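Listed below are the residues making up each chain.
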Amino acid sequence: MTLINSEYGKRGGSEMLQVIKRDGTKVPFDKHKIAVAIEKAEHSSTGLYESGLAERIADEIEAYAIKLQKDMTIYAIEDQVYYKLIEYNNPATARAYEGYKAVQAFKRRQNTTDEDVIGLLDRSNVNVLDENSNKDAAIVSTQRDLIAGEVSKDIARRKLIPTDILEAHDSGAIHFHDMDYIIQPMFNCCLINLHDMLTNGTVINGKKIDSPKSFRVACTVTTQIIAQVASGQYGGQSINGIDRILAPFVRKSYQKYYDSVVEEQKEIYGIEPDLQKAEEIAWKRTRKEIKDGIQTIQYQINTLMTTNGQAPFVTLFMYFQEGYEFEKEAAYIQEEILLQRYEGIKNEQDVYVTPAFPKLIYVLDEHNVHPDSKYYYLTKLAAKCTAKRMYPDYISAKKMRENYEGNVFSPMGCRSFLAPWKNEKGEYVFDGRFNMGVVSLNLPQIGILANGSEEKFFDILEKRLQLAKKALLLRFELLKNVTSDCSPIHWQYGAIARLKPHEKIDKFMDNGYATLSLGYIGVYEATKLIKGVSHTDPVGTAFALKLMDVLKDSVAEWKAETGIGFALYGTPAENLTNRFCSIDRARFGEIKDITDKGYYTNSYHVDVRECISVFDKFSFESEFQKRSTGGCISYAEIPNLNHNLEAVEMMIQYIYDNITYAEFNTKSDYCHVCGYDGEIKVDDNNQWFCPQCGNTERTKLTVIRRTCGYLGENFWNEGRTKEIKDRVLHI
């Protein structure tokens, strides 16, 4: 009775009727399949056969569909069948039909895991294959991770997650992120305490690593730490001040070179040491070592494969302040990171392309943001790099201090921010803190159910918030009895803490030290559904900010009630933008500007199709960043500005004065067939192609796009691809 594979008659004369399946995809309508389903119910042990009834009902549903002039969902068709059977005085068959549907639904649930795993192997499970744009599902190690994920998810669904949370997840009311990891004692993302690990040493694979004596060794150890950390968590990691942390090791290398040159002058050349010349030579050698060390970090991160089948999701946060003891060295490190990112990494064709990792964040402050600032030359280099490689992204120290008690620090991964927290000495602490996981709300679905009523919207939202809170507390409960042995690099050797073996980690989960994130998606769609306008319209803005305030106040109440660090987080929604929309399209049909697009808009962002200037967009979205302090990032789509870097610099200066965290999206693609080095396009069938030679083979196209906060390079699901295609330029 699953009427999903239907092939239907014509609407009008030539237009085909369509049925929206349970997964949101469409197929042609076939009334014969309706009749067959009804006849199966009639001939079942509890049904009652009536000659011609099945065909009569099928004809009536087809006529209804033609009159309706819109695509019907499978659920709507099944409802029509049930009520038609009641109308024709055949309740026995109606009950049999409902029972058959229940059995089929049970079978679908029972067979899901096997089918999903087989679909990964025969590459038919597109939803999972394209779920993460930085995982290449053709590679065996990645396949193993994806298969393990499907099996783990099945266990979590059957053994760990309460029925109401599971039903809410399956219906698209909420999204329980990273469900495939919760059967293990893993958390989401973190700020690794690299300073402590390099200064005091660490242990990797049972081998003691002392504090490095040179910059080159410090870089090598850093990459080993990154790899180990990535294998023990499922989200991104950030180094909160890579330049500041590594700068002392530059000084160590310089001192070694300086002492060596002085000794050479005396011992080899037999001359009185020329200390000025020794200093020049020492810095020249040190700069070469900085170049080699940064190259090590960049190449290692892009070539390492962690246990979850991908390169480490790592962010390098660049921020030192004027007057810092190692200011000169930190500036050299920043410069080299930017120079190497601008150059790129070679592909198989020996052509330099844009690497996806590490993500770079450049902090704008008084010492580098004005043309007469001491380090403005670094900002000019950052602008040049952004125009070509999209990174670095930018954080305004001035605006961030306004929202985070005067502090400037890195997000965990791409956008997850900690709340300021003080230790027993009254000192702010950020390094060594982490996020326990995310549960996201489907705001557009609430808008659909509210049917234009603002009062009803907030009533439904309150119920969904309580469900999300319950789901988040489940994540907390699953972690609270974990001991340090589960991931020694995190809990025993400094990435997060230095606990003893077998010691519980719970002391780092309470009192706001770690965060639990309430995510959200589709502020634009929710506003459109309730107010009939975009949230950039003054009427829409008032509603959207009211919505944000309700979300913000809710997590504040939960935090006060429990002592747990709940945070409001603008969900990246790499896959969720497609999942939520597909579920709602299957349930409610196509709704203009909502489900018909094939995707929902990330968090509070302006609709990607809306024409708005970069300056107006950043100014508008900054009001949402003030509320979404547990996770936020804004972007602007820009054309190729490699020959207009002054424009990039102007936009960067605007960021400094107007918004906490922003990034620029441009195109950085390559065709391996013809060597085309420009924008790879998407056709009307969601197929990527080279505009020069027409190549459509994915393995011979390098396409880099901003997926969410990170860059993606292994293509995207259907909904995200449509969203990328719809993006308009903001300058």
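Bear in mind that the values here come from a model prediction, so they are computed numbers and not experimental data.

Broken down by element type, the protein chain carries 23 helices and 26 strands. Against the 2.2 N^0.38 benchmark of 27 Å for 731 residues, the protein chain shows a C-alpha radius of gyration of 28 Å, consistent with a compact globule. Based on the C-alpha atoms only, the size of the protein chain along its principal axes is roughly 115 × 60 × 50 Å. In the protein chain, which comprises 731 residues, the share counted as buried stands at 57%. Total accessible area computed for the protein chain in this model is approximately 29400 Å², and 49% of it derives from carbon and sulfur atoms. Of the side-chain charges in the protein chain, 90 are positive and 102 negative, and the distance between the mean point of each set is 2 Å.

Moving on, we come to the packing of aromatic side chains. According to the stated counting rule, one finds 32 aromatic pairs in the structure shown. Ring plane angle 15 degrees and centroid distance 5.7 Å describe the contact between tyrosine 604 and phenylalanine 624, whose orientation is recorded as stacked. In this pair, tyrosine 604 sits in the loop between α20 (576-588) and α21 (614-625) while phenylalanine 624 sits in helix α21, placing the two residues 20 residues apart along the sequence. Residues tyrosine 604 and phenylalanine 624 agree in their burial class; the two are buried. Taken together, the ring pairs in this structure connect Phe187, Trp421, Phe434, Trp491, Phe508 and Tyr513 into an aromatic cluster.

Note the cis peptide between phenylalanine 357 and proline 358, where omega equals -5 degrees. By the secondary structure assignment, proline 358 is in the loop between β13 (352-353) and β14 (359-364). Even without a glycine there, the phi angle at methionine 390 is positive, about 75 degrees. In this fold, methionine 390 is placed in the loop between α13 (376-389) and β15 (393-396).

Below, the discussion takes up the environment of tyrosine 656. Within the secondary structure, tyrosine 656 sits in helix α22 (residues 645-658). The spacing of tyrosine 656 and valine 363 is 293 residues in sequence and 9.0 Å in space, taken between C-alpha atoms. The contact partners of tyrosine 656, leaving out residues within four places of it in the chain, are Leu364, Asp365, Glu366, Val369, Ser396, Ala397, Lys398 and Lys399.

With six of its six residues buried, β14 lies for the most part within the structure. Residues Lys359, Ile361 and Val363 of β14 are buried on one face, and the alternating residues Leu360, Tyr362 and Leu364, pointing to the opposite face, are buried as well.

Pairing is possible between side chains that carry opposite charge, provided their charged atoms lie close to one another. A full pass over the atoms with the stated rule returns 47 salt bridges. Among the salt bridges present, the one from arginine 285 reaches glutamate 264, with a minimum N-O distance of 3.5 Å. Taken together, the residues arginine 285 in helix α11 (residues 275-303) and glutamate 264 in helix α10 (residues 242-267) connect sequence positions 21 residues apart. Looking at arginine 285, the relative accessible area reads 31%, which means it is partly exposed. On the basis of relative accessibility, which here comes to 23%, the residue glutamate 264 falls in the partly exposed class. A salt bridge links glutamate 335 to arginine 287; its shortest N-O distance comes to 3.3 Å. One end of the pair, glutamate 335, is in helix α12 (residues 327-343); the other, arginine 287, is in helix α11, and 48 residues separate them in sequence. Assessed through its relative accessible area of 18%, glutamate 335 is described here as buried.

Turning to the sheet that holds strand β4 (residues 26-28), a few remarks are in order. Read from one edge of the open sheet, three strands run β4-β3-β5, paired in mixed fashion. Single-partner strands in this sheet number two, and they are β4 and β5 (72-73). With three bridges joining them, strand β3 (residues 18-20) and β4 adopt antiparallel strand pairing. Directly across from valine 19, in β4, lies its bridge partner valine 27.

Calculation rules
The numbers attached to residues start from 1 for each chain and follow its sequence in the written order. The model is predicted, so local features are restricted to residues of pLDDT at least 70 and side-chain atom pairs to those at 80 or more, both for listing and for counting; the totals for chains, interfaces and linings are taken over all residues. Side-chain numbers here rest on the full set of heavy atoms in the structure, without hydrogens or water. What counts as a helix is a DSSP run of H or I of at least four residues, what counts as a strand is a run of E of at least two, and both are numbered from the N terminus. Restricting the calculation to C-alpha atoms gives the radius of gyration, and the globule rule supplies 2.2 Å times the number of residues raised to the power 0.38. Accessible area is worked out with a 1.4 Å probe on protein chains only. A residue is then buried under 20% of its type maximum, exposed over 50%, and partly exposed in between. Each accessible area value is a Shrake-Rupley result obtained with a 1.4 Å probe; residue values ignore everything except the protein chains displayed when judging cover. Only four residue types enter the tally: Lys and Arg on the positive side, Asp and Glu on the negative side, with His and both chain ends excluded. In plain terms, the charge of a residue is placed at NZ if it is Lys, CZ if Arg, CG if Asp and CD if Glu. Only rings of Phe, Tyr and Trp enter the pairing, Trp through its six-membered ring, and a pair is recorded when the two centres are within 6.5 Å. The plane angle decides the type: under 30 degrees is stacked, over 60 is edge-to-face, the rest tilted. Note on definitions: a residue-residue contact is assigned when non-hydrogen atoms from the two residues lie within 4.5 Å. What makes a salt bridge here is a side-chain nitrogen of Lys or Arg within 4 Å of a carboxyl oxygen of Asp or Glu, nothing more. Strands were regarded as paired on the criterion that DSSP finds at least two bridges between them.

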